[in-house]
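Given next are the chains, with one letter for each unit.
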Amino acid sequence: MGETGVAVASSPRAAASSPRAAASSASVASSPRAGGVGGRHHHRRWGGAAAISPSYRAVLLALWLVGFALVFLWQSTSVGRARLYTRPPLLPKRAPSAQGMGQWVAAPPVYDLREFGGVGDGRTLNTEAFVAAVASIAERGGGRLVVPAGRWLTAPFNLTNRMTLFLAAGAEILGVQDERYWPLMSPLPSYGYGREHRGPRYGSLIHGQDLKDVTITGQNGTINGQGQSWWSKFRKKVLNHTRGPLVQLMRSSNITISNITLRDSPFWTLHIYDCKDVTISDTTILAPIVGAPNTDGIDPDSCENVVIKNCYISVGDDGIAIKSGWDQYGIAYGRPSTNIIIHNVTIRSMVSAGVSIGSEMSGGVSNVLVENVHIWDSRRGVRIKTAPGRGAYVSNITYRNITLEHIRVGIVIKTDYNEHPDEGFDPKAVPIIENISYSSIHGHGVRVPVRIQGSAEIPVKNVTFHDMSVGLVDRRNHVFQCSFVQGQVIGYVFPVPCRNLDLYNERRELVKQSALQNISDIDYSF
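Residues numbered from 1 in each chain as written. Predicted model: local features only at pLDDT ≥ 70, side-chain atom pairs only at ≥ 80, totals over all residues. Heavy atoms only, no water.

In the nomenclature of an unreviewed UniProt entry, the protein corresponds to Pectate lyase superfamily protein domain-containing protein from the organism Oryza nivara. The UniProt entry for the protein carries the following text under Sequence similarities (unreviewed entry): "Belongs to the glycosyl hydrolase 28 family." (UniProt positions renumbered as here; feature names shortened; annotations may be inferred.)

Printed below as a string of structure tokens:
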């Protein structure tokens, strides 16, 4: 600052321009043209400093000192303003401690399963290694567990908050086949019983509950339930409890599952129960298409805000099944499945359906979008199934851009799927099915394109078909089957729709109104 002040003070221009009023006076006083009109008529030469009177020198010195002081003050104020408006240097983030003092936030720790004694030979049991690794992550408040290439046999284990389970390329987690290693858990509250047996149920191979910020991802590593022994015992009826899922997360939020393969689950493959904010992407789910009972691919159950995208599923039951509880237990639990998007998925299901809603839907299902889905070599394409006793509703469901290839029945709504947990259900608790839309439905090799079986007690309301063209295996009668259905067909739909529906042109102008919504034209012989 001192050097800057001296430079400014020693320059006549700077001194004149900085303290404007005082410098202006000094400039006038020292100018050879000063003095007004008289100055123009008297061309007196100045004789230098000696010619200036002592009084003028005193005045000039005083003005110079005042100017210097003003320049110094202006410079100091400008620097202060610059400091005020300049972003302060960024400091490392601090996490508040229990005492209110800050501490440095370190990057989440990364662990290798081998650090905890893991051996990936496919024979050594690694349960203790997984449990110890998860405990270390929990102690650190989060982290990543890397499962390297190898075959890592384990009994079931739990995840923890803010954890990433990362399966490297060539990594395969194997579920131990001896059910004695699988813990028993209480039945799900919205089911009342285990899905296959009363009483407790087996837990999942990888489990988590009441968690936040959980990720299962990798470089297409595999989680293999080795379900063959479970399927055999189920068929022989030697199991006393409901089989466990491969992966189950309960009452959790901010879940991401991506870039992995899930295969050969003992039961449902990926069961997301009462969770919020779930994304499942770029995941392959496999099980034999026959002989692997109840191996659903993905089951969002009483979940909110779920996205399933860019997945390939080929399993022994429903590819995706949206659920929300079973009869009176689901009604009492009261957690709907809502705001679910299924996008860019390819599915094969020789036993059941590509995408199902229900039949356990007693908490309600609403606001579901199924789009850009290819279902091939399957028994059914997209299906809604329910029954008296379920209660609740299936509402605001949109199917868009669905491709059906070699399907026995393309579109199904079934209202008499009578499986119940016990005799305590209320047969008068009938569900509401309404606002179902099908648009851009195309395909070939379909035996029955549409079978919508409403009933007098459970009519299907406000169903819409628009832009549908499905090539048939044969052209027998009644290929578009309806019963107790109310709704509309907009524009061109092939094959010819059932008489229960109103007909509109592409401009959505009514062409013909149906008076036959309650007629039944269902034929299960083909």
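Visitor: Is there a simple way to explain the overall build of the protein in this structure?
Guide: Helices and strands together make up the secondary structure of the protein, namely 8 helices and 33 strands. Considering the protein as a whole, with its 526 residues, one finds that 48% of them fall into the buried category. Across the protein, the fraction of contacts at a sequence separation of at least 24, relative to all contacts at a separation of at least 6, is 74%. Approximately 25000 Å² of the protein is accessible, and the part contributed by carbon and sulfur atoms is 54%. (Helix = DSSP H or I, 4+ residues; strand = E, 2+ residues; numbered from the N terminus. Buried < 20%, exposed > 50% of the residue type's maximum accessible area, 1.4 Å probe, protein only. Contact = heavy atoms within 4.5 Å. Areas by Shrake-Rupley, 256 points an atom, 1.4 Å probe, with all protein chains shown as cover.)

Visitor: Looking at this model, I keep getting lost on the pattern of salt bridges. Mind explaining?
Guide: Oppositely charged side chains can pair when the atoms bearing their charge come close. On inspection of all chains with the given rule, the structure shows 19 salt bridges. Between R123 and D121 there is a salt bridge whose closest N-O contact spans 3.7 Å. Relative accessible area serves as the criterion here: at 29%, D121 is assigned to the partly exposed category. Taken together, the shared-partner salt bridges in this structure form one network comprising R195, K323, E360 and E419. (Salt bridge = Lys/Arg side-chain N within 4 Å of Asp/Glu carboxyl O.)

Visitor: Looking at this structure, how should I read a nonpolar patch on the surface?
Guide: Together, V290, M350 and V351 make up an exposed nonpolar region whose accessible area comes to about 250 Å². By the element assignment, M350 lies in the loop between β24 (337-349) and β25 (353-357). (Patch = residues over 30% accessible without salt bridge, like charges linked within 9 Å, V, L, I, M, F, W, Y side chains within 5 Å.)

Visitor: What is the right way to look at the state of the cysteines in this model?
Guide: What is meant by a disulfide is a covalent connection between two cysteines, made through their sulfur atoms. Tallying each qualifying case throughout the model produces 1 disulfide. There is a disulfide in this structure between C482 and C498, and the S-S distance comes to 1.9 Å. In this structure the cystine formed by C482 and C498 twists about its S-S bond by roughly -70 degrees; its chirality is therefore left-handed. You can see C482 sitting in strand β30 (residues 480-483) and its partner C498 sitting in the loop between β31 (485-494) and β32 (502-504), a full 16 residues away along the chain. The same class applies to C482 as to C498, namely buried. (Disulfide = S-S within 2.5 Å.)

Visitor: For this particular structure, what's the right way to read the environment of E304?
Guide: Tracing the sequence through the fold places E304 in strand β22 (residues 304-315). In this structure E304 touches C275, K276, D277, T338 and N339, once residues within four positions along its chain are discounted.

Visitor: Hey, could you run me through the nonpolar core in this one?
Guide: One recurring pattern in soluble globular proteins is that nonpolar side chains are buried together. Core analysis: the biggest nonpolar cluster contains 100 residues, and L159, L165, I223, I342, Y399, Y438 and F465 have the highest contact counts within it. In terms of residue count, strand β27 (residues 393-414) provides more of this core than any other element does, 8 residues in total. Excluding residues that lie within four positions of it along the chain, L165 makes contacts with L145, V147, L159, I173, I206, T215, I216 and T217. Residues M185, L188, Y191 and Y273 belong to the second largest nonpolar core, which totals 9 residues. (Core = buried A, V, L, I, M, F, W, Y, C linked by side-chain atoms within 4.5 Å.)

Visitor: Just checking my understanding: could you explain helix α6 (residues 127-139) for this structure?
Guide: Because the α-helix completes a turn every 3.6 residues, residues three or four places apart line up on one side. An ideal rise of 1.5 Å per residue puts 18 Å on 13 residues; α6 measures up with 18 Å between its terminal C-alpha atoms. Considered for burial, the residues of α6 that qualify are T127, A129, F130, A133, V134, S136 and I137. Phi turns positive, to about 80 degrees, at G141, one or two residues after α6. (Expected span 1.5 Å × (residues − 1).)

Visitor: Honestly, the pairing of β22 in this entry has me stumped. Any pointers?
Guide: Within a regular beta strand, the side chains point alternately toward one face of the sheet and then the other, so they alternate between its two faces. Sheet analysis places strand β19 (residues 276-281) next to β22, joined by 5 bridges and oriented parallel. Paired with T279 across the two strands is V307, which belongs to β22. Two elements, strand β20 (residues 284-286) and β22, share 3 bridges in a ladder whose sense is parallel. Of the residues in β22, the one forming a bridge with I285 is I313. The pairing of β22 with β24 spans 10 bridges and is parallel. (Pairing = 2+ DSSP bridges.)

Visitor: For this particular structure, what's the right way to read the packing of aromatic side chains?
Guide: To describe a pair of aromatic rings, you give the distance between the ring centres and the angle between the ring planes. All chains considered together, the criterion is met by 12 aromatic pairs. Here the aromatic rings of Y111 and F116 are separated by 5.5 Å at their centres, their planes lie at 70 degrees, and the arrangement is edge-to-face. Under the relative-accessibility criterion, Y111 is labelled buried at 12%. Among the residues examined, F116 registers a relative accessible area of 23% and is labelled partly exposed. By way of ring pairs, the aromatic residues Y191, F267, W268 and W326 are connected into one cluster. One cation-aromatic arrangement involves R243 over F234; the distance from NZ or CZ to the ring centre is 4.1 Å. (Phe/Tyr/Trp six-rings, centres within 6.5 Å; stacked < 30°, edge-to-face > 60°. Lys NZ or Arg CZ within 6 Å of the ring centre and 35° of its normal.)

Visitor: Would you take a moment to explain the confidence of the model for the protein for this structure?
Guide: For residues with low pLDDT, the predicted coordinates do not support detailed interpretation. Scored by pLDDT, the protein has a mean of 85; 79% of the residues are at 70 or more. Confidence drops under pLDDT 50 across residues 1-52; counting only partners more than four residues distant or on other chains, this segment forms 31 contacts. For the stretch residues 76-101, pLDDT sits under 50, and the model shows 16 contacts to residues farther than four places along the chain or on other chains. (pLDDT = per-residue confidence, 0-100.)

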